[in-house]
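# A closer look at the structure
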Amino acid sequence: MNDQFILVGARTPLPPPAKKEPWYRGKPVVSMAILAAVALGCLCCELFIPKDPAYMDLFHGSEAPNAEFWFGTDTMGRDIFSMIWYGGRVSLLIGFLSTAISTVLAILFGAASGLAPRWLDALLMRLTEIFLSIPSLLLIVLLQSILGKASVVSLSLVIGVTGWTSVAKVVRSEVRQLRSSEYVLASRCMGAGFFHILRRHLAPNFFSSILFMVVMNVRSAIAAESTLSFIGLGLPLEVISWGSMLSLSEKALLSGAWWIILIPGAFLVVTLLCVTEIGNWLRGEGDRRASNL
């Protein structure tokens, strides 16, 4: 008996395996690399800066960039190349320290408002809106005048205390949605306190929502310190930062020493642009994750 094979249809070829996208696709790799290089250079500046950034060489005041002074000198003869890396450490410290203060305040205030009864929640939100209605720069100047002479700690404290309101409103909205969850109710029934619920159940669920705002607060804090120093209300000249370097811009423009304001300003602008692009990417990632849910 002869067996016959009948061809009933052509076998469809398997689709080619999908190409795995590179890990850097869609990420601000250039901004991350530049920001990491600036931060690393500021932290390790003692290893490569050629001169003491605080040394005033009056014989070489307001010199243009040359072989000895790569970025030139300011009106007091200080080496701008060394000052930029050393001063960037102070500016970044103020940015991160003030952001840490504002983030802690925002999380505590927003979580307390979200878990509070309706009348207390409304009262706390009205207080937050009052703070939002006051211009932040005006409030910073007022608080700094109360504290006296500006320092790294006082500026960080003042900027942090005035920059928590927007994040607090987002935290409050997230906590209002999470407080009726089963795991939060079970934890409260077992006698867990406010800080335990916040640390174990609430913060891990809403921190990704405020990460974008936290990163943008770093940018705002660095810009606020530079603005205060530019108008003469920030750090004194003996404390080197990007803002205090820009405070010499009036003399630089009058004397034609463009490098005194252009080079530190370029470092500040590039750093702020990198932080902004990273923050926008984090916001996009958060929106994409929320849409997938």
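Use the structure listed above.
The text that follows walks through the structure, step by step, so that each part is easy to find. (Residues numbered from 1 in each chain as written. Predicted model: local features only at pLDDT ≥ 70, side-chain atom pairs only at ≥ 80, totals over all residues. Heavy atoms only, no water.)

Across its full length, the chain carries 11 helices and zero strands. In the chain, the succession of α and β elements from N to C terminus is α-α-α-α-α-α-α-α-α-α-α. The C-alpha radius of gyration of the chain comes to 27 Å, more than 25% above the 19 Å expected for a compact globule of 293 residues. The C-alpha extent of the chain, read off along each of the three principal axes, is 110 × 70 × 30 Å. Looking at the chain as a whole, 40% of its 293 residues are labelled buried. (Helix = DSSP H or I, 4+ residues; strand = E, 2+ residues; numbered from the N terminus. Rg over C-alpha atoms; globule rule 2.2 N^0.38 Å. Buried < 20%, exposed > 50% of the residue type's maximum accessible area, 1.4 Å probe, protein only.)

Attention now goes to helix α8 (residues 194–230). Side chains of residues three or four places apart in an α-helix project in the same direction, reflecting 3.6 residues per turn. With 37 residues, α8 should reach 54 Å at 1.5 Å per residue; the first-to-last C-alpha distance of 42 Å falls well below that figure. A203 marks where α8 bends most, by close to 60 degrees; the proline P204 follows one to four residues later. Backbone geometry just downstream of α8 places G232 in the positive-phi region, at approximately 85 degrees. (Expected span 1.5 Å × (residues − 1). Bend = angle between axes of the 7 residues up to and from the residue.)

In this section: the pattern of salt bridges. Considering all chains together, one arrives at seven salt bridges under this definition. With its nearest N and O atoms 3.5 Å apart, the salt bridge here joins K51 to E68. Here K51, found in the loop between α1 (29–43) and α2 (80–115), pairs with E68, found in the loop between α1 and α2; they are 17 residues apart in sequence, far enough to count as distant. Ionic pairing is found between D74 and R78, a salt bridge with its closest N-O pair at 2.9 Å. Look at D74 and you get buried, because its relative accessible area is 1%. (Salt bridge = Lys/Arg side-chain N within 4 Å of Asp/Glu carboxyl O.)

Attention now goes to the packing of α2 against helix α6 (residues 165–178). Between two packed helices, the angle of one axis relative to the other and the distance separating the axes together describe the packing. The interhelical angle for the contact between α2 and α6, taken along N-to-C directions, is 40 degrees, at an axis separation of 7 Å. Comparing the axis directions of α2 and α6 gives the class oblique. Regarding α2 and α6, the two cross each other, and that crossing is right-handed. Of α6, the residues touching α2 (which contributes A106, I107, F109, G110, A111, S113, G114 and L115) are V167, A168, V171, R172, V175 and R176. Its residues placed into classes, the contact of α2 with α6 shows nine nonpolar, three polar and two charged. (Axes fitted to C-alpha atoms, helices over the stretch in contact; angles between N-to-C directions. Parallel < 35°, antiparallel > 145°, perpendicular 65-115°, else oblique. Left-handed = near helix turned anticlockwise from the far one by under 90°. Contact = heavy atoms within 4.5 Å. Nonpolar A, V, L, I, M, F, W, Y, C, P; charged D, E, K, R; others polar.)

When you line up the elements, N217 lands in helix α8. With a relative accessible area of 18%, N217 lands in the buried category. N217 has contacts with T99, S102, G163 and V167, leaving out every residue within four places of it along the chain.

Tallied over the entire structure, the rule returns 11 aromatic pairs. Ring geometry for F71 and F267: centres 6.3 Å apart, planes at 55 degrees, overall tilted. Linking F71 in the loop between α1 and α2 with F267 in helix α11 (residues 259–292), this pair joins segments that are 196 residues apart in sequence. Look at F71 and you get partly exposed, because its relative accessible area is 22%. Centroid distance W85 to F267: 5.5 Å. Interplanar angle 85 degrees. Geometry classified as edge-to-face. Of the two residues, W85 sits in helix α2 while F267 sits in helix α11, which places them 182 residues apart along the sequence. Exposure class is identical for W85 and F267. Each is buried. An aromatic cluster is built from F48, W70, F71, F81, W85 and F267, whose rings are joined through pairwise contacts. (Phe/Tyr/Trp six-rings, centres within 6.5 Å; stacked < 30°, edge-to-face > 60°.)

Turning to the state of the cysteines, a few remarks are in order. Evaluated as defined, the whole model comprises zero disulfides. The thiol sulfur of C45 is not disulfide-bonded, and the nearest other cysteine sulfur, from C42, lies at 6.9 Å. (Disulfide = S-S within 2.5 Å.)

The next point concerns helix α5 (residues 152–161). Turning to α5, its buried residues number three or more, namely S154, L155, S156, V158, I159 and G160. The secondary structure elements touched by the buried residues of α5 are α2, α4 (136–147) and α8.

Together, L127, I130, F131, I134 and L138 give the surface a local cluster of nonpolar side chains, amounting to about 420 Å² of exposed area. Mapped onto the secondary structure, L138 falls in helix α4. (Patch = residues over 30% accessible without salt bridge, like charges linked within 9 Å, V, L, I, M, F, W, Y side chains within 5 Å. Areas by Shrake-Rupley, 256 points an atom, 1.4 Å probe, with all protein chains shown as cover.)

Attention shifts here to the environment of L178. When you line up the elements, L178 lands in helix α6. Separated by 67 residues in the primary sequence, L178 and A111 have C-alpha atoms spaced 10 Å apart. Here L178 is in contact with Y183, V184, L202 and N205, once residues within four sequence places are set aside.

All right, on to the nonpolar core then. A general tendency of soluble globular proteins is for nonpolar side chains to be buried together. Within the largest apolar cluster, 25 residues are counted, with the highest numbers of intra-cluster contacts made by I84, W85, W242, M245 and I260. Those elements that provide at least two residues to this core are α1, α2, α8, α9 (242–246) and α11. Not counting chain neighbours up to four residues away, the residues in contact with I84 comprise F71, W242, M245, I263, P264 and F267. (Core = buried A, V, L, I, M, F, W, Y, C linked by side-chain atoms within 4.5 Å.)

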